[in-house]
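Fold and contact review
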Amino acid sequence: MKVDAQKKENAVLIIASGRLDATTASDFETECSKWISGGEKNMAVDLGGLEYISSAGLRSILSTGKKIKAQGGAIHFCKLAGMVKEVFDISGFASIFPVFDSQEEALAQLK
Amino acid sequence: MPSSSETMILPARKDSLEQFRAFVLEKSQLFSHSPGFDYKIDLTLEELLINVLSYAYADDACSGNKIMIECHNPEPDIFCYTVTDYGCAFNPLEKDAPDTTQSIDDRPIGGLGIHLVRQMSDHLSYERVQQSNRLSVCFRRPAAV
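So, here's what we can say about the structure.

Conventions we followed
- Residues numbered from 1 in each chain as written.
- Chains lettered and ligands numbered in written order.
- Predicted model: local features only at pLDDT ≥ 70, side-chain atom pairs only at ≥ 80, totals over all residues.
- Heavy atoms only, no water.
- Core = buried A, V, L, I, M, F, W, Y, C linked by side-chain atoms within 4.5 Å.
- Buried < 20%, exposed > 50% of the residue type's maximum accessible area, 1.4 Å probe, protein only.
- Helix = DSSP H or I, 4+ residues; strand = E, 2+ residues; numbered from the N terminus.
- Expected span 1.5 Å × (residues − 1).
- Salt bridge = Lys/Arg side-chain N within 4 Å of Asp/Glu carboxyl O.
- Disulfide = S-S within 2.5 Å.
- Contact = heavy atoms within 4.5 Å.
- Buried area = accessible area lost by both parts, 1.4 Å probe.
- Lys, Arg positive; Asp, Glu negative; His and termini not counted.
- Polar contact = N/O pair within 3.5 Å; in protein donor to acceptor, adjacent residues only side chain to side chain.

**Description of the nonpolar core**
Judged by nonpolar contacts, the single largest core of 36 residues is most densely connected at Met43, Leu47, Ile53, Ile61, Phe88, Phe93 and Phe97 of chain A. Top contributing element to this core by residue count: strand 3 (residues 43-53) of chain A, with 6 residues. The next biggest cluster of nonpolar side chains, apart from the first, holds 29 residues, and it includes Phe20, Val24, Phe31 and Ile67 of chain B.

**Remarks on helix 2 (residues 55-70) of chain A**
Residues and elements named next belong to chain A. An ideal rise of 1.5 Å per residue puts 22 Å on 16 residues; helix 2 measures up with 22 Å between its terminal C-alpha atoms. All buried positions along helix 2 are accounted for by Ser55, Ala56, Gly57, Leu58, Ser60, Ile61, Leu62, Ser63, Thr64, Gly65 and Ile68. Looking one or two residues past helix 2, Gly72 carries a phi angle of roughly 80°, positive in sign.

**Observations concerning the pattern of salt bridges**
Within this structure, the stated rule accounts for 17 salt bridges over all chains. The closest approach of N and O atoms between Asp21 of chain A and Arg19 of chain A, which form a salt bridge, is 3.3 Å. Each of the two residues, Asp21 of chain A as well as Arg19 of chain A, counts as buried. Between Arg19 of chain A and Asp42 of chain B there is a salt bridge; the shortest N-O distance is 2.9 Å. In this pair, Arg19 of chain A sits in strand 2 (residues 12-20) while Asp42 of chain B sits in helix 2 (residues 35-56), so the two residues belong to two different chains. When sorted by exposure, Arg19 of chain A lands in the same class as Asp42 of chain B, which is buried. The structure contains a network of salt bridges with shared partners spanning Arg19 and Asp21 of chain A together with Glu18, Arg21 and Asp42 of chain B.

**Remarks on the state of the cysteines**
In this structure the tally under the stated criterion is 1 disulfide over all chains. Disulfide pairing is shown between Cys80 of chain B and Cys138 of chain B; the S-S distance is 2.1 Å. The chirality of the disulfide connecting Cys80 of chain B with Cys138 of chain B is right-handed, given an S-S dihedral of about 105°. With Cys80 of chain B in strand 3 (residues 78-85) and Cys138 of chain B in strand 5 (residues 132-140), this pair connects stretches of sequence that are 58 residues apart. Just as Cys80 of chain B is buried, Cys138 of chain B falls in that class too. Take Cys32 of chain A: it sits in no disulfide, and the sulfur closest to it among the cysteines is that of Cys78 of chain A, at 13 Å. Judged by relative accessible area, which is 0%, Cys32 of chain A ranks as buried.

**Some words on the interface of chain B and chain A**
Between chain B and chain A, the residue contacts involve 24 residues of the former and 27 residues of the latter. Of the roughly 2,100 Å² buried between chain B and chain A on both sides combined, carbon and sulfur atoms contribute 63%. The largest per-residue losses of area from chain B upon contact with chain A belong to Tyr39, Ile104 and Ile109 of chain B, which jointly make up 32% of the total buried on that side. Across the contact surface, chain B and chain A share 2 salt bridges. One salt bridge in this structure joins Asp105 of chain B and Lys69 of chain A, with 2.8 Å as the shortest N-O distance.

**What about the side chain of Arg107 of chain B?**
Structurally, Arg107 of chain B is set in the loop between strand 3 and helix 3 (113-120). Although Arg107 of chain B lies buried, it forms no salt bridge, and the closest oppositely charged side chain, Asp99 of chain B, sits 6.8 Å away as judged by the N-O distance. Of the polar contacts made by the side chain of Arg107 of chain B, one reaches the backbone oxygen of Ser91 of chain A; its length is 2.6 Å. Non-local contacts of Arg107 of chain B, meaning those with residues more than four positions away in its chain, are made with Leu62, Lys66, Ser91, Gly92, Phe93 and Ile96 of chain A together with Asp99, Thr100, Gln102 and Leu112 of chain B.

Next comes the structure, spelled out in structure tokens:
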């Protein structure tokens with residue numbers, strides 16, 4: 001699991017790759033929380049390089065989403081593919097969170 | 001095609017997950033091997049093992065500190081693995097399915113693991129046998145593409 005973050009004009013862009021599972025979910029949540037505590041309201045998350053996500057990973061995403069919402073911000077996802085997309089769909093996350101095809105679209109919708 | 005069951009027993013600890021994962025994936029890949037099928041095995045196994053560690057062994061009053069996994073082929077086109085623990089009686093299949101249409105505010109954190117297992121497997125069964133919980137998960141061989 002690798003988590004990179006880049007500060008953009010309207011949001012922070014988080015790029016997660018590898019496995020988001022029971023072992024690594026806390027790393028993802030800690031990185032996101034750091035930006036939220038630092039005052040970032042909006043977040044775009046690129047999951048294009050994610051090979052695997054389990055319910056522990058979904059939990060860390062939902063928890064991050066709730067914190068952002070509580071601050072009046074928004075979280076967008078992009079580049080979901082394959083089984084990661086299927087897990088998003090069957091857990092209902094694809095209807096909770098806006099999902100886009102590209103980083104550019106995910107970021108453009110965050111104002 | 002292996003017809004007899006093969007078994008691994010390890011301590012009920014989070015750091016056993018990787019060994020169990022390697023064991024079950026090795027057996028399942030002899031049966032069927034594709035990114036989608038491997039993912040289903042990987043995910044269901046993680047969810048069930050985390051459940052055992054979180055619930056069956058959550059209470060010190062429950063004896064037992066091991067988890068056993070058996071892989072078997074009850075029929076040539078069916079692969080199953082059975083997770084056995086010796087903790088408190090806990091049937092995860094009794095949990096209500098989460099409401100996946102709730103908004104972000106109403107959505108509780110957690111409760112998705114068993115939902116994913118149900119969606120990704122073809123058959124699930126639970127039995128309490130003496131002092132153990134036995135949960136079996138089965139997969140039909142995917143149709144050749």
